[in-house]
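Working through the structure, step by step
If you want the building blocks of each chain, they are given just below.
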Amino acid sequence: MDRKEFRDLASPAEAREAIDSLSLEGGVDRVSLAEARGRVLLARIDAELDVPGFDRSNMDGYALRARDTFGADEADPARLSLVGTVHAGEEPDVTVAEGEAVEISTGAVMPEGADAMVPVERTDEDAGDGGDSDGDDGTVDVLVRTSVAPGDNVMFAGADVAAGERAIGPGTRLTPRDIGLLSALGREEVPVRAKPRVGIVSTGDELVRPGEPIESARGQIYDVNSYTIAAGVEDAGGEPVLYPHAGDDPEEMERVLREAAAECDLVLSSGSTSASAVDVIYRVIEEQGELLLHGVGVKPGKPMLIGRLEDSGPRSDDAAGGSIPSTGESAYVGLPGYPVSAMMVFRTFVAPAIREAAGVPEPASATVTGSMATEERSDQGRLRLMPVGVTTDGNGDRLVYPVDKGSGATTSLAEADGVVEVPAETDYLEAGERVDVRLFSPDVRPPTLLGVGEDDPTLNRLLDDLENPRYLSVGTRPGLRRLRNGVPDFAVVAGPLERDVEASELGRWTREWGLIVESGNPREIEGLADLVAGDHRFVNRTTNSGLRTSLERAIDALADERDVSRATLTEAIDGFDLGLRAHESPARRIIAGSADVALGLRETADHLGLEFVSLGGQPVRVLGALDRLDKRGVRELADRLED
C-alpha cells in the first residue's frame with residue numbers, strides 16, 4: 001500500500017463540522033442518587049408528594065387557634081390552657097379546641113384544630129389556678145403576649161415543593177443541591193444520559209506506561225497523552241477507556257483499533273506518525289468506515305484525522321462476565337503525538353463534542369460579576385450569605401436577583417446559581433449595583449430563559465421543549481410585580497388582571513377551573529352555591545394565585561345576586577382563608593381525607609382520578625418583558641407558543 005500523505009488541509013470550521021456529524025451519544029443510564037452528581041437528567045422530574053408532607057411548625061412555641069389571640073399584647077396577654085405537647089417526628093395525639101394551646105417543637109406536625117403557632121419567646125407559662133379557679137389544680141396556662149393570624153409561623157404541606165409541581169427539567173446537570181431536592185422528593189434513582197465511552201489508544205514504540213521501567217538510551221518516554229487525554233475526557237463528561245499500548249506493530253494496532261471501535265462511542269489515538277502506523281489507520285478506517293478528513297489548518301494540530309468506524313462484531317465481555325451492548329458505529333479522531341499539540345486539539349475540537357453528547361456545559365469561572373436586578377434590603381446586622389440567580393437582560397448584560405424561600409426550603413438552593421456575601425454594615429443593595437457572585441461550582445450554567453408566575457400543567461410541558469429554562473412558580477400577582485421590576489424575561493398570569501401591564505403578550509391558552517371533589521361526588525356539589533351553603537371542608541389557593549382571584553370574583557357576583565357582602569359568603573366556607581401554593585396541593589388534601597372540596601383545574605382532577613365541578617374557563621397569558629423580546633430564549637418561547 002502506498003504511503004498516505006496529508007490531503008488538502010481542512011479549515012477549523014470544517015473540522016468542527018466533521019466532528020459534529022459524528023454520533024457520540026451513549027444512550028440512557030438509570031443511576032442512584034449516590035451516583036447522580038454531575039449527570040444530565042433525561043426526563044422531567046415532577047414532585048409526587050408535598051414537601052413537607054404535613055403542616056409543620058417553623059419554630060419552638062405553642063400551636064393554637066389564631067382567633068384566640070386576637071387583641072393580645074404585652075399588657076393584655078391571652079390566657080390559654082396547655083393541653084399537650086408535640087415533638088418533631090411524632091404523630092400528634094391531641095386536638096386543639098377553643099382556648100387551648102399545645103407546646104410544639106420546630107418541625108413538628110401541627111395538631112388538629114390549630115391554624116397558627118406563637119414562638120416561645122412571645123409567651124410565658126403560668127402554673128396555678130388560671131385566675132378563675134378556686135385553687136391550684138395543677139393545670140398550666142400559657143400567656144400569649146402577641147396576636148397571630150391563621151397560618152403564621154406554619155409551613156404548610158407543599159410550601160417547599162408541591163405535589164405535581166415541575167421539580168427539575170430535562171437537560172439539567174445534577175448538582176449537590178439538585179440531589180438534595182431529589183432526596184426530599186423520595187427519588188431513589190433517576191434517568192440520565194449515559195456517558196460517552198471514549199477509547200484511548202496510544203501508539204509509538206518509544207512510549208512506556210508510567211510505573212514501568214524506562215530506557216532513556218533507547219529514546220523511550222513515558223506515555224503522557226493517554227492519561228492527560230483520559231483526564232480531559234472525564235472532565236468533559238465522558239467515560240475514558242484505556243487500551244493496551246499498541247506500539248507501531250501493524251497487526252497489534254489494527255486489533256486494538258477494531259476492539260476499541262466495537263466497545264466505544266469514540267476512539268482517540270495519538271501519535272502514529274510512522275509510515276506503517278498511518279497505513280494501518282487508513283486501512284482500518286477505509287475498510288471499516290469512512291475517512292472524513294486528514295489534516296487541519298491549525299497550529300498546533302495539523303496532522304489530525306477524523307472519520308467513523310463501523311462495529312465489526314460483538315463487544316467483548318465486561319468485568320462482570322456479561323456482554324457489553326454494541327454501539328453499531330464509533331467515531332474516530334487521530335490526535336497529534338506531541339502532548340501539548342494533542343491536548344490543544346483535544347480541548348479545541350474534541351472536548352466540546354464530548355460535552356455536548358454528555359450534556360455538560362462549557363466550563364465557567366467560579367466567580368462572576370453582575371448588576372443587581374432589584375433593590376435588596378439587608379437589615380440583619382450580620383454577614384448575609386444571599387442565594388442568588390443569574391440571568392441576562394435584553395442587552396446580554398448579567399443580572400443578579402435574590403432567591404430565598406426561607407431557611408427550611410430546599411428549592412432556595414435548587415433555583416440559585418451562587419451566593420453574594422452582603423457585609424453586616426450594608427443596609428441594602430441598590431438596583432444596578434455591581435456585585436460578585438460566588439458560583440456553587442465552576443460548571444454552573446445560568447438559564448437561557450427566566451420566567452415567573454402562575455403554576456400551570458400546560459406551562460410545564462411547554463418548558464420541556466426549551467433549552468435550559470428556569471421558572472419560578474410564585475403566582476400571578478408576584479409574577480406581575482417582578483415583571484414590572486425588570487427581573488424575569490416573561491411572566492405567566494391567569495385570570496382577571498387588576499390593572500394593565502406594560503408587556504408584550506407572547507401567547508395564551510384557556511384552562512377550565514372549578515371545584516374538585518371526591519370521586520362520585522358524594523356530597524352532590526353542583527356549584528358555588530353548594531359550597532357556600534354546605535358544611536364542607538374546603539381547601540383554597542393562596543391570594544397570589546390567579547385561581548383565587550377568579551374564585552373571589554365569582555363569590556362577588558354571587559354576593560351581588562343575593563344582596564349580601566363577600567365576607568358573609570366567605571365566612572360560611574370552612575377553610576377559605578387558608579390557601580396552598582400549587583395547583584395539585586388542594587386536590588391531594590381530598591385524597592388524604594382531610595378535605596371535601598378543593599379549588600383547582602379539570603386537568604388536575606382528571607390526573608388524580610377525582611370529580612370536577614366546572615366554574616368556567618380561565619385565560620392564561622404569557623407576557624414578555626418589552627426589553628427582552630429580542631433575547632434568544634424569549635424568541636424560542638414565542639415560537640413554541642405560536643406552534
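Rules of the game
- Residues numbered from 1 in each chain as written.
- Predicted model: local features only at pLDDT ≥ 70, side-chain atom pairs only at ≥ 80, totals over all residues.
- Heavy atoms only, no water.
- Helix = DSSP H or I, 4+ residues; strand = E, 2+ residues; numbered from the N terminus.
- Buried < 20%, exposed > 50% of the residue type's maximum accessible area, 1.4 Å probe, protein only.
- Contact = heavy atoms within 4.5 Å.
- Areas by Shrake-Rupley, 256 points an atom, 1.4 Å probe, with all protein chains shown as cover.
- Pairing = 2+ DSSP bridges.
- Axes fitted to C-alpha atoms, helices over the stretch in contact; angles between N-to-C directions.
- Patch = residues over 30% accessible without salt bridge, like charges linked within 9 Å, V, L, I, M, F, W, Y side chains within 5 Å.
- Salt bridge = Lys/Arg side-chain N within 4 Å of Asp/Glu carboxyl O.
- Lys, Arg positive; Asp, Glu negative; His and termini not counted.
- Charge placed at Lys NZ, Arg CZ, Asp CG, Glu CD.
- Phe/Tyr/Trp six-rings, centres within 6.5 Å; stacked < 30°, edge-to-face > 60°.
- Lys NZ or Arg CZ within 6 Å of the ring centre and 35° of its normal.
- Arc of directions from axis to C-beta.
- pLDDT = per-residue confidence, 0-100.
- Core = buried A, V, L, I, M, F, W, Y, C linked by side-chain atoms within 4.5 Å.
- Polar contact = N/O pair within 3.5 Å; in protein donor to acceptor, adjacent residues only side chain to side chain.

1. A look at the overall build of the protein chain
Regarding its fold elements, the protein chain presents 15 helices and 35 strands. In the protein chain, which comprises 643 residues, the proportion classed as buried is 49%. Partitioning the contacts of the protein chain with sequence separation of at least 6, the portion at a separation of at least 24 is 72%. For the protein chain, the accessible surface area stands at approximately 29500 Å², while carbon and sulfur atoms represent 45% of it.

2. Structural notes on the sheet that holds strand 23 (residues 384-392)
Within the closed barrel, the five strands sit side by side as 21-24-23-25-27. Their pairing is mixed. The sheet shows a mean angle of 50° between the axes of neighbouring strands, taken without regard to direction. Pairing geometry for strand 21 (residues 367-372) and strand 27 (residues 434-439), over five bridges, is antiparallel. What sits directly across from Ser371, in strand 27, is Arg434.

3. Quick word on a positive patch on the surface
Taken together, the side chains of Arg481, Arg482, Arg484 and Arg499 make up a positively charged region of the molecular surface. Its place among the elements puts Arg481 in helix 9 (residues 476-485).

4. Structural notes on the packing of aromatic side chains
Taken as a whole and assessed by the stated rule, the structure comprises one aromatic pair. Centre to centre, the rings of Tyr471 and Phe490 are 6.0 Å apart; their planes meet at 25°, and the pair counts as stacked. Placement of Tyr471 in strand 29 (residues 469-473) and of Phe490 in strand 30 (residues 490-494) is noted, with a sequence separation of 19 residues between them. The cationic tip of Arg377 hangs over the ring face of Tyr428; the distance from NZ or CZ to the ring centre is 5.2 Å. The positively charged end of Arg548 is found above the aromatic ring belonging to Phe576, 4.9 Å away from the centroid.

5. Here we look at helix 1 (residues 12-20)
Those residues of helix 1 not exposed but buried are Ala15, Ala18 and Ile19. One face of helix 1 carries all of its buried residues, which in axial projection span an arc of 95°. Exposed side chains of helix 1 directed beyond 90 degrees from the buried face belong to Glu17 and Asp20.

6. Comments concerning the confidence of the model for the protein chain
Note that predicted coordinates carrying low pLDDT should not be read in detail. The pLDDT averaged across the protein chain works out to 84; a share of 85% of its residues lies at or above 70. Segment residues 1-5: pLDDT under 50, and twelve contacts once partners within four positions in sequence are set aside and those in other chains are kept. Confidence over residues 130-135 falls short of pLDDT 50; this stretch has three contacts with residues more than four positions distant or in other chains.

7. Some remarks on the nonpolar core
Counting 31 residues, the largest nonpolar core has Ile229, Leu266, Leu268, Phe346 and Val350 as the members making the most contacts within it. Here Phe346 is in contact with Ile229, Gly232, Val233, Leu268, Leu335, Ala351, Pro352 and Ile354, once residues within four sequence places are set aside. Counting 23 residues, the second-largest nonpolar core is a separate cluster that includes Ala63, Met110, Val154 and Ala605.

8. A look at the pattern of salt bridges
Within this structure, the stated rule accounts for 35 salt bridges. The partner of Arg589 in a salt bridge is Asp55, and the shortest N-O contact between them spans 2.9 Å. Here Arg589, found in helix 13 (residues 585-592), pairs with Asp55, found in the loop between strand 2 (45-46) and strand 3 (56-57); they are 534 residues apart in sequence, far enough to count as distant. According to the relative accessible area criterion, Arg589 is buried, its value standing at 19%. Ionic contacts of the salt-bridge type, sharing partners, join the residues Arg44, Asp46, Arg166 and Asp464 into one network.

9. Structural notes on the sheet that holds strand 28 (residues 449-453)
One open sheet accounts for eight strands, arranged 29-28-30-35-31-34-32-33; its pairing is mixed. For this open sheet the edge positions go to strand 29 and strand 33 (579-580), each flanked by a neighbour on one side alone. Against the sheet, helix 13 touches strand 31 (504-517), strand 32 (538-541), strand 33 and strand 34 (597-601), its axis set at about 140° to strand 34.

10. Here we look at the environment of Glu112
The residue Glu112 is located in the loop between strand 6 (100-104) and strand 7 (116-119) in this model. With relative accessibility at 62%, the residue Glu112 sits in the exposed group. Once the C-alpha coordinates of Glu112 and Leu64 are considered, the two residues, 48 residues apart in sequence, prove to be 9.6 Å apart. For Glu112, the contacting residues outside a window of four places in its chain are Val94, Thr95 and Val96.

11. Thoughts on unusual backbone geometry
Here the amide bond leading from Val51 into Pro52 is cis, since omega sits at -5°, within 30 degrees of zero. Although it is not a glycine, Asn153 adopts a positive phi angle of roughly 65°. The topology assignment puts Asn153 in the loop between strand 9 (140-144) and strand 10 (154-155). One non-glycine residue, Asn521, adopts positive backbone phi at about 50°. Examined against the element boundaries, Asn521 turns out to sit in the loop between strand 31 and helix 10 (528-533). Given a relative accessible area of 17%, Asn521 falls into the buried group.

12. Some points on helix 3 (residues 225-235)
For helix 3, every residue scored as buried is listed here: Asn225, Ser226, Ile229, Ala230, Gly232 and Val233. Seen from one end, helix 3 has its buried residues packed into an arc of 160°, which puts them on one side. In this structure, helix 3 carries Glu234 and Asp235 as exposed residues pointing more than 90 degrees from its buried face. Just past helix 3, the residue Gly237 takes up positive phi, approximately 100°.

13. Quick look at the side chain of Thr391
Structurally, Thr391 can be placed in strand 23. Within the structure, Thr391 has its side chain in polar contact with the side chain of Lys631 (distance 3.3 Å).

14. Topic: a negative patch on the surface
On the surface, a cluster of negative charge is made up of Glu14, Glu17, Asp20, Glu25 and Glu356. For the negative patch, the element with the highest residue contribution is helix 1, accounting for three residues.

15. A word on the environment of Asp141
Within the secondary structure layout, Asp141 lies in strand 9. Note: C-alpha distance between Asp141 and Ala78 (63 residues apart in sequence) is 9.8 Å. Reaching out from Asp141, the side chain makes a polar contact with the side chain of Arg79 at a distance of 3.2 Å.

16. Digging into the side chain of Glu584
For Glu584, the location among the structural elements is in the loop between strand 33 and helix 13. Of the residues examined, Glu584 reaches a relative accessible area of 4% and is grouped as buried. Within polar-contact distance, the side chain of Glu584 engages the side chain of Arg588 at 2.9 Å. For Glu584, the residues in contact, after removing those within four places along its chain, are Ala163, Gly164, Thr604, His607 and Leu608.

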